[in-house]
Amino acid sequence: QVQLVESGGGSVQPGGSLRLSCAASGSIPSINGVAWYRQAPGKQRELVAGSTTDGRTNYADSVKGRFTISRDNAKNTVSLQMAPLKPEDTAVYYCNLRIWSTEGVPHDYWGQGTQVTVSA
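Keep in mind that this is a model prediction, so the values were computed, not measured.

Reading the values: rules and limits
Residues numbered from 1 in each chain as written. Predicted model: local features only at pLDDT ≥ 70, side-chain atom pairs only at ≥ 80, totals over all residues. Heavy atoms only, no water. Phe/Tyr/Trp six-rings, centres within 6.5 Å; stacked < 30°, edge-to-face > 60°. Helix = DSSP H or I, 4+ residues; strand = E, 2+ residues; numbered from the N terminus. Lys NZ or Arg CZ within 6 Å of the ring centre and 35° of its normal. Buried < 20%, exposed > 50% of the residue type's maximum accessible area, 1.4 Å probe, protein only. Pairing = 2+ DSSP bridges. Salt bridge = Lys/Arg side-chain N within 4 Å of Asp/Glu carboxyl O.

A.B. asks: Help me understand the packing of aromatic side chains in this model?
C.D. replies: Aromatic ring pairs: the centre-centre distance and the angle between the two ring planes describe each pair. Across all of its chains, the model carries 1 aromatic pair by this definition. Between the aromatic rings of Y37 and W110, the centroid separation amounts to 5.0 Å while the plane-to-plane angle is 65°, which identifies the pairing as edge-to-face. Of this pair, Y37 sits in strand β4 (residues 33-39) while W110 sits in strand β10 (residues 106-110), placing them 73 residues apart in sequence. Looking at R45, its charged tip hangs above the ring of Y94, at a distance of 3.8 Å from the centre.

A.B. asks: What is the right way to read the pairing of strand β1 (residues 3-7) from this model?
C.D. replies: In summary, the side chains of a regular strand alternate between the two faces of the sheet. Judged by which residues are buried, β1 turns out to be one-sided: L4 and E6 face inward and are buried, whereas Q3, V5 and S7, on the alternate face, are not. Pairing of β1 with strand β3 (residues 18-25) involves 5 bridges; the strand directions are antiparallel. Paired with L4 across the two strands is A24, which belongs to β3.

A.B. asks: It is not clear to me how the pattern of salt bridges should be interpreted in this structure. Could you clarify?
C.D. replies: If the charged atoms of two oppositely charged side chains come close together, the side chains can form a pair. Tallying each qualifying case throughout the model produces 6 salt bridges. The partner of R38 in a salt bridge is E46, with the nearest N and O atoms 2.7 Å apart. For R98, the salt bridge goes to D108, with nearest N and O atoms at 2.8 Å. Taken as a pair, R98 in strand β9 (residues 91-100) and D108 in strand β10 lie far apart in primary sequence, 10 residues in all. On the basis of relative accessibility, which here comes to 32%, the residue R98 falls in the partly exposed class. Taken together, the shared-partner salt bridges connect R38, E46, R66 and D89 into one network.

Spelled out as structure tokens, the structure:
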């Protein structure tokens, strides 16, 4: 059973920074995708940043140039460095792990979520 545990959320002022971390445990194939999603009150969950095993990354337009996703394949961890933060970044952030079965069917695993609040 795969488990994801997040840490690093909190409250900061606009212009500040936070680093989110996610540790995965369990049976994890070497080829996988990791990502951070977020969900603000009254809004749908949205992709913030993603990373593949071979190092490709992608970002939501709203965070490009401000957020950086990084992963350590040996430790099964993924981080999200966020700076400078804006009030519109306020949301619950979720770590996501996607693995594929031998038939190519994707399976998603989620962390419990961590709150990020940006306000003056």
